[in-house]
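# A closer look at the structure
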Amino acid sequence: MKRLGALLLLLACTAPAAAAVWRVQPGERIGAVIERAAPGDTVEIPRGHYAERLRIEKPLTLRGIDRPTISGGGEGDVIRVVAPDVRIEGLIVRDSGDDLGGQNAGIYIQPGAHRAVVRHCDFAHVLFGLWIEKADDVRIEDNLITGMREKLSSQRGNAIQLYNTRGARIARNHISFARDGIYVDVSHHAEFVGNVIHHVRYGSHYMNSYHNLWQDNESHHNQGGLALMEVRHLTVRGNRTWANTDHGIMLRTLQDSTIEDNVAAGNGRGFFIYDAEYNVLRGNLVIGNRVGIHLWAGSFNNQVDGNDFVNNQEQIRYVASRDVEWGQRRGNYWSNYLGWDGDGDGFGDTPMEASDAVDWLVARYPFTKLLDSSPAISTLRLISRQFPVLRVATVTDARPAMVPRHQDWRAWLEAMRNDAARD
């Protein structure tokens with residue numbers, strides 16, 4: 001019995017103490033409370049304006065009550081996270097420094113600060129919103145991030161920067177007026193879900209990153225929507241890229257990836273595909289762009305099935321030495337297809353050739369587009385289709401679909417018209 005009592009006493013003495021909750025008092029500095037808190041504690045920050053820069057060197061939860069503001073006063077990082085297992089919730093983080101070389105950020109998550117969580121925070125007038133480097137399994141969710149909108153794009157930082165990370169989840173953030181929305185380099189096994197990005201250079205800027213998911217995001221009114229470069233084993237699903245001045249989705253030096261069920265509407269180029277092979281593109285709606293698909297630098301050996309190409313001014317821009325065959329498993333829909341469906345199986349009886357000598361001419365000499373409706377250009381288009389010697393290499397579709405698979409294509413055209421009217 002004595003031994004049992006001694007054992008219980010020993011367990012009581014060695015058991016970890018319950019985490020404490022500290023509340024910042026009026027006139028008190030947040031940094032002073034952080035110093036007193038023990039690892040695993042929670043620091044609550046009441047509503048107010050706090051002019052200080054914080055450094056978190058132990059596992060803590062920093063929780064805002066009624067949206068307090070922490071201002072860095074225009075110098076350095078507002079919050080620097082050093083320790084692993086830090087959670088930051090419910091704060092307004094503003095006024096970082098503007099030194100691009102110093103990578104000044106609203107929240108800087110430095111190497112080794114694994115499993116950091118930043119949720120329900122607003123970032124205002126920060127150079128980089130969050131800089132995350134060599135920190136694994138971070139969670140950045142439900143934040144509002146606005147950069148230094150008075151600066152030129154090249155003088156801003158990125159809203160979320162990931163470098164050399166694994167297992168990140170970036171979800172439901174609303175991003176604007178940064179340089180790039182989400183910049184990803186050497187970061188693997190990450191998920192980017194439900195983010196909205198507008199008025200930046202590139203909505204996403206991916207490089208050298210593998211086994212990632214980009215799903216249900218919206219990228220609009222940027223220079224480019226999704227820029228995916230030097231990437232393998234990527235899934236890009238259910239995203240909407242619209243009203244971007246250049247591309248909706250760029251696939252550059254991309255392999256072994258699946259691009260499906262996305263919408264590219266009203267962009268300069270719906271898709272820009274450069275040096276991309278062994279990918280699957282299916283179920284995408286490419287509608288109302290100046291160029292539907294710009295295919296360049298090889299980009300052979302892709303499976304392209306079941307997509308809808310609707311009312312693009314130029315469906316395909318392709319200049320190469322040999323044909324590329326699409327629709328081998330399931331034909332794509334082309335709104336400018338002039339063939340027929342004699343047997344009623346839902347597919348055209350004659351192949352679709354996506355471009356001809358006139359398209360080749362326009363790609364090389366854009367000013368000829370001014371003559372597009374002239375009798376001379378119409379005659380050239382007719383002759384090029386009748387005489388094989390004038391035929392150019394193109395994208396072919398053996399059994400093009402007769403009706404689009406996306407039932408909402410008219411709604412997208414109407415939305416593009418309304419957006420153009422507002423501009």
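Just above, that's the structure.
Residues numbered from 1 in each chain as written. Predicted model: local features only at pLDDT ≥ 70, side-chain atom pairs only at ≥ 80, totals over all residues. Heavy atoms only, no water.

### Re the overall build of the chain
Where we set the bar: Secondary structure elements follow DSSP: runs of H or I no shorter than four residues count as helices, runs of E no shorter than two count as strands, and numbering proceeds from the N terminus. With a 1.4 Å probe rolled over the protein chains alone, any residue whose accessible area is under 20% of its type maximum counts as buried; one over 50% counts as exposed, and the rest are partly exposed. Residue exposure ignores everything except the shown protein chains as possible cover, and the areas themselves are Shrake-Rupley values with a 1.4 Å probe.
Across its full length, the chain carries five helices and 40 strands. Per-residue burial for the chain yields a buried fraction of 53% across its 423 residues. Working note: accessible area of the chain is about 19100 Å², and carbon and sulfur atoms make up 52% of it.

### Here's the deal with the pattern of salt bridges
Two side chains that carry opposite charge are able to pair once their charged atoms sit near each other. Going by this rule: Any carboxyl oxygen of Asp or Glu that lies within 4 Å of a side-chain nitrogen of Lys or Arg is treated as forming a salt bridge with it.
Overall, the coordinates contain 26 salt bridges when judged by the stated rule. Among the salt bridges present, the one from Glu 57 reaches Arg 55, with a minimum N-O distance of 2.6 Å. With a shortest N-O distance of 2.9 Å, Asp 345 and Arg 399 are connected by a salt bridge. Separated by 54 residues along the polypeptide, Asp 345 in the loop between strand 38 (333-334) and strand 39 (352-353) and Arg 399 in the loop between strand 40 (395-397) and helix 5 (409-422) bring together distant segments of the chain.

### Notes on the environment of Val 184
How we decide: A contact between two residues is defined here by any heavy atoms of the two lying within 4.5 Å.
The topology assignment puts Val 184 in strand 19 (residues 182-185). Separated by 23 residues in sequence, Val 184 and Gln 161 place their C-alpha atoms 6.2 Å apart. Setting aside residues no more than four positions away along its own chain, Val 184 makes contact with Leu 162, Phe 192, His 205, Tyr 206, Met 207 and Ser 209.

### Describing empty space enclosed by the protein
The line we're drawing: Of the grid points, spaced at 1 Å and generated over the protein atoms alone, those admitting a 1.4 Å probe that cannot get out make up cavities, while open sets with protein on both sides within 12 Å along at least five of seven lines make up pockets; any residue with an atom within 4 Å of a point is treated as lining. Grid points are joined across faces, edges and corners, and a volume is the space filled by probe spheres set on the points. The nonpolar class holds Ala, Val, Leu, Ile, Met, Phe, Trp, Tyr, Cys and Pro. Asp, Glu, Lys and Arg form the charged class, and all remaining residues, Gly among them, are polar.
Applying the stated criterion to the full structure yields one cavity of 30 Å³ or more. Size it by volume and the largest cavity reaches roughly 60 Å³. Along the walls of the largest cavity sit Phe 271, Ile 273, Leu 281, Asn 284, Val 286, Ile 293, Val 304, Asn 307, Phe 309 and Trp 326, which together make up its complete lining. Of the residues assigned to the lining of the largest cavity, the class counts are eight nonpolar, two polar and no charged.

As far as function goes, none of this settles anything; it's purely spatial.
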